[in-house]
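Observations on the model geometry
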Amino acid sequence: MEGVKNMSVDPRMIRLYSYYRDAELRGATLLLKLTMRVEDTESQIKLSRHLADETRHAWLWTKRITDLGHEPIQVDDGYQTRIGKAVGIPRSLIDLFALTVVVEERAQQRYIEHARRPDVDPETLELLHEVSKDEKWHIGWIKDELVQMARANGGEAKMENTLQRYRDIDAQVVSELVAKERAAFGFSFSDNPHA
C-alpha cells in the first residue's frame, strides 16, 4: 500500500465494501463449481466471461478499498456464506443454476439500492453502476440456461420450487444482514432514502 493516500474514511464503509468484495469472490467460487460440471461449449464460454466479471468485481471493490487508504477486511459471515450454509450442498445443475440466479438477482438489487442513496461519493457510485450493468447480463444468461435445462429434463416444477426455496432463504439471510447494517449505521443501504 505504498504511495496510497491515507484518507479519513468511515471504517464502516470499508467493512461494507469488504462485504461486497467477499460476495463477489464467493460468487466466483460458485461459478467455478458450475464450470467443472457443465460440458456444453456455449455455456463454458458464458461461464468463463461471467467468472471473469466476478473476479473483476472483487478486484474493483479491493481497489476501491485500497484507493481509500485501507485494506480489505476478512468477512466470515457475509451473504454468500450465510446463504450457502442455509441452502446446503446443491445436488444438481438445476440447483446450482437456480442458486446462481438468486444470488445474482440479490447482487444487482443491492448495488442499485445502494446507488440510489443521495450521499454516495462519485467514485463509489461509478463502481456501483458498473457492477450493476454486468449483473443484468449475468442474470439474463443464467436464467435462460436454467429454463432450457429444466425444459429439456422435464424439470420445470423442480426449477420453480428450487428458485422459490432459494428466494425464501435469500429473504431470511438479507433480513439478518439488514438488521446488522441498521445496528451499525442506523439505516440500511437497502432502505429507500426517498420514502
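We now turn to the structure provided with this report. Everything quoted here is computed from the prediction, not taken from an experiment.

What counts, and at which threshold
Residues numbered from 1 in each chain as written. Predicted model: local features only at pLDDT ≥ 70, side-chain atom pairs only at ≥ 80, totals over all residues. Heavy atoms only, no water. Helix = DSSP H or I, 4+ residues; strand = E, 2+ residues; numbered from the N terminus. Expected span 1.5 Å × (residues − 1). Buried < 20%, exposed > 50% of the residue type's maximum accessible area, 1.4 Å probe, protein only. Contact = heavy atoms within 4.5 Å. Core = buried A, V, L, I, M, F, W, Y, C linked by side-chain atoms within 4.5 Å. Salt bridge = Lys/Arg side-chain N within 4 Å of Asp/Glu carboxyl O.

**Re helix H6 (residues 156-185)**
Given 3.6 residues per turn, any residue in an α-helix points the same way as the ones three and four places further on. For H6, built from 30 residues, the straight-helix expectation of 44 Å at 1.5 Å per residue is met to within 8% by its first-to-last C-alpha distance of 42 Å. Looking at H6, one finds that the buried residues are Met 159, Thr 162, Leu 163, Tyr 166, Ile 169, Asp 170, Val 173, Val 174, Leu 177, Val 178, Glu 181 and Phe 185. Packing partners of the buried residues in H6 comprise helix H1 (11-37), helix H3 (79-87), helix H4 (93-115) and helix H5 (122-152). In the segment just after H6, Gly 186 is the residue with positive phi, at about 90 degrees.

**Considering the nonpolar core**
Ranked by internal contacts, the top residues of the largest apolar core, which has 33 residues, are Tyr 79, Ile 83, Phe 97 and Leu 146. Among the elements of the structure, H1, helix H2 (41-67), H3, H4, H5 and H6 are those that each provide at least two residues to this core. Apart from residues lying up to four places away in sequence, Leu 146 is in contact with Ile 94, Phe 97, Ala 98, Val 101, Met 159 and Leu 163.

**Digging into the environment of Met 149**
As for its placement among the helices and strands, Met 149 is situated in helix H5. Remark: the alpha-carbon pair of Met 149 and Arg 110, spanning 39 residues in sequence, is separated by 28 Å.

**Things to note about the pattern of salt bridges**
With the rule as written, the count across this model stands at 18 salt bridges. Measuring nitrogen to oxygen at the nearest pair gives 2.8 Å for the salt bridge that ties Asp 95 to Lys 158. One end of the pair, Asp 95, is in helix H4; the other, Lys 158, is in helix H6, with 63 residues separating them in the sequence. Accessibility expressed as a relative area gives 8% for Asp 95, which makes it buried. Its salt-bridge partner being Arg 110, residue Glu 181 comes within 2.3 Å of it at the nearest N-O pair. With Glu 181 in helix H6 and Arg 110 in helix H4, this pair connects stretches of sequence that are 71 residues apart. Under the relative-accessibility criterion, Arg 110 is labelled buried at 15%. The structure contains a network of salt bridges with shared partners spanning Asp 53, Arg 56, Glu 130 and Asp 134.

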